[in-house]
Amino acid sequence: MNRFKTTFMASLAALMAFASNGGNEATSPSESPIPVTNDRTFTPEIMLSLGRVGDPQVSPDGKQILFSVNYQNVEENNGNSDLWIIDIDGKKPAKTITNTPSSENNAVWINNGEKIAFLYQGQVWIMNPDGTNRQQVSNFKNGIDGFVISPDGNKIVMISNVKYGKTLPTDHYPELDKANARIIDDMMYKHWDEWVTEVPHPFVADFTGNFVGEATDILEGTEYESPMKPWGGIESLAWTADSKQVIYVCRKKSGKDYAYSTNSDLYLYDVAQGKTVKNLTEGMMGYDTNPRVYKDKVAFLSMEHDGYEADKNRIFVLDMKTGAKTDLTENWDYSADDLAWSPDGKFIYFLAPYQGTIPIFRVNVDSKKVETVTPGIDDWHDYAALVPIKGNKLITLRHSYAEPNELFIVEMGKQPVKLSTINDNILSQVDDVTMRKEIVKTTDGKDMTVWVVLPPNFDPNKKYPSIFFCEGGPQSPVSQFFSYRWNFKLMASQGYVVIAPNRRGLPGFGTEWNAQISRDYGGQNMRDYMSAANYMKQQSYIDGERMGAVGASYGGYSVYWLAGNHNNTFACFLAHAGIFNLEAQYLETEEMWFTQWDLGGPVWEKNNADAQKTYREANPINFVENWNTPIMITAGELDYRIVFTQACQAFNAAQIRGIPSRMVLFPEENHWILRPQNALVWHREFYKWLDTWLKPGSEAAKAYKAEQDAKAKIKAEENKGQETPMPETQKELHITNPDLK
């Protein structure tokens, strides 16, 4: 623990030193003080000190890139984003142009590159490209969460919240202004981490370049939301090329219909008429999102089925003149994510999970031919932004298990060129990890990609404990992500081999592979996990007695299910925000389309074969009688996607069964653990738990044994001459650490 303390204080010093350095040209990422460790170990504290690079914007003259960098401040327990600029050739270090107490974001070039517009403290501001002459140009009552300026620069569409429903006591009894209650008559009263009292609306206004005029609510008089919660943002809004109309994404449903439907559409709002004039995607029943305009054409993402949020995302192009819609990816078996037009309109660039990575692709608008822009299947990286520029090039962000986002320039058929070096200095002072891709045969004869991350200074002649990672989603890719919680570099740096299977139900391996998991939670994907675990246990460098399974969300569900069905494969478990009781989950979650599609329906539909199979064979609570292995459980109390009571149920079950167990709850956190100090608590408890059960002789194991011995003495005194009736405990625990047997 001394190393943690030393690194923690160094992190604080580094962050404070960086903040006090000013926002001038002398500031260079490679010159900023950094936290270090004597043994070059990558720690949670070092990870939290990394700059989080995002939102690149190329200047109109094509010479500079504007981008943001977020730094976490552990001492203040928050994060702050500042704006940076770098020349597009990357020859000079990036420089900061803001250094303020609050975050700047949503920054864009305006006035032909003479100014930058951005959000600061909920309002639109402008400044010179060097960060001088900052001016607030909006004064919006409820604040602004995002904006898009029209192509001619004379109008702006902004996102701001409006009141929703009559759920507060004062809506009904104005004189009871100190009452605290929620009065609810319909569904979708909570979402993600909030009780819904407001919804976002798009507002349109004139914009002079230094003043935002009076705004008009595009959805005035309705309780619909645009963008859609919880993920929608400015990508849900687009101007037509003539700056006369706004395209916005909206799911125009309410209550129960809203809760069960994913049928969003693209709507066309005419500024002069002051009204929505057309549903551009009428009759398309799934999600329609991400409108991107090129002249008289609109590209967008579209899913086919209502209620299926993980459906294949197809790329459509709508001809605004004729109304014709063309599916550009009808013959391509993968699901697109982001998209952007090439400057000449001949191609659409897009991101998509593919064989365990997220490359950049492009599709020819005329021929529908899909090509890989980045190096291909041997390029073990993910890409995370698309800013096409002249010369068939793009500015993008790239990351991997080994390093977080940095700016890159990409050109078809060439190796990507790194532009920014925000984190190079820190990463150069910690040991790196190495990766392997294993192909494992599944029980039905398929090939499954399994990522393996090896510790620094890996010795193939040694045996290592391992962390077996179960992905959430369930239909989220196990790609080359750099997570600030499930960080494989961090896990491997603590002396573990990390095993990350691309089991059934993940995108990137075709629509059939992705779709198979629905209504089969306890089926083939769990057999895939066991195939991967058994395969890895055969590797000479894996200690087969020291493998722990971890995961969040659906990964947490997987941990709970495996705990009752693993036949002593794993030595310990750790579940974050997982589903323990599917019957409760169906009624507790807020987005009902998810449980309806994936589980098959509610438990009371006795003639619904799919639903009854799910609750019988896939419900982890049904297998608690088989639990025999130590388990740790974590959750955020503001999680309304998978309510924290699921964690309480699982912990109580383990305690009642006599299973070594621990629960860590975060009252201020949602489905994720976001606050820096809470993140450090989570990481320290995470590794303490794994070290306890997977590393014999570790300080964590010794401390746990001493703690349990002390508790046992107290209990022996408490129970003298007493026999309290209680449920039967597990008689044969599966403990592989000899120190704790």
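Here, the structure is the one placed above.
Residues numbered from 1 in each chain as written. Predicted model: local features only at pLDDT ≥ 70, side-chain atom pairs only at ≥ 80, totals over all residues. Heavy atoms only, no water.

### Digging into the sheet that holds strand 10 (residues 155-163)
Operational definition: Paired strands, as defined in this entry, are two strands with at least two bridges between them according to DSSP. Each helix is a run of DSSP H or I of at least 4 residues and each strand a run of E of at least 2, with the numbering of both proceeding from the N terminus.
Within the open sheet, the four strands sit side by side as 9-10-13-14. Their pairing is antiparallel. Bordering the open sheet on either side are strand 9 (146-149) and strand 14 (216-217), each of which pairs with just one other strand. With four bridges connecting them, strand 9 and strand 10 associate as antiparallel partners. Residue pairing across strands places Ile 149 opposite Ile 156, the latter belonging to strand 10.

### A look at the side chain of Gln 245
Selection rule: Classification of residues uses two cut-offs on accessible area relative to the type maximum, computed with a 1.4 Å probe and protein chains only: under 20% is buried, over 50% is exposed, and between them is partly exposed. A 3.5 Å cut-off defines polar contacts: any pair of N or O atoms within that distance qualifies, except that in protein one atom must be a possible hydrogen donor and the other a possible acceptor, and neighbouring residues in sequence count only when both atoms are side-chain atoms. By the convention used here, residues are in contact when the closest approach between their heavy atoms is within 4.5 Å.
Mapping Gln 245 onto the fold places it in strand 16 (residues 245-250). Its relative accessible area of 17% is what places Gln 245 among the buried residues. In this structure the side chain of Gln 245 is engaged in a polar contact, spanning 3.3 Å, whose partner is the side chain of Asp 270. Excluding residues within four positions of it along the chain, Gln 245 makes contact with Ala 238, Trp 239, Thr 240, Leu 268, Tyr 269, Asp 270, Val 271 and Val 277.

### A word on the sheet that holds strand 21 (residues 314-319)
The strands making up a sheet associate through hydrogen bonds between their backbones, and the pairing can be parallel or antiparallel. We apply this condition: Axis angles are defined between N-to-C directions and span 0 to 180 degrees, where every axis is a line fitted to C-alpha atoms and, for a helix, only to the segment in contact.
Ordered in space as 19-20-21-22, the four strands form an open sheet in which the pairing is antiparallel. Each edge of the open sheet carries a strand with a single partner, namely strand 19 (288-294) and strand 22 (325-327). Taken pair by pair, the neighbouring strands of this sheet meet at an average axis angle of 25°, ignoring direction. The pairing of strand 20 (residues 297-302) with strand 21 spans six bridges and is antiparallel. The partner of Ser 302 across the bridge, within strand 21, is Arg 314.

### Here we look at helix 14 (residues 676-694)
Worth spelling out the cut-off: Every helix has an expected span of 1.5 Å times one less than the residues it contains.
Here helix 14 contains 19 residues, and its C-alpha end-to-end distance of 27 Å stays within 8% of the 27 Å for a straight helix at 1.5 Å per residue. Of all 19 residues that make up helix 14, 15 are buried, and the element is covered over most of its length.

### A few points about the environment of Asp 333
Within the secondary structure layout, Asp 333 lies in the loop between strand 22 and strand 23 (339-341). Placed 258 residues apart in sequence, Asp 333 and Glu 591 show a C-alpha to C-alpha distance of 27 Å. Ignoring sequence-local partners within four residues, the contact set of Asp 333 consists of Lys 312, Gly 510 and Thr 511. At a separation of 2.8 Å, a polar atom in the side chain of Asp 333 contacts the side chain of Thr 511.

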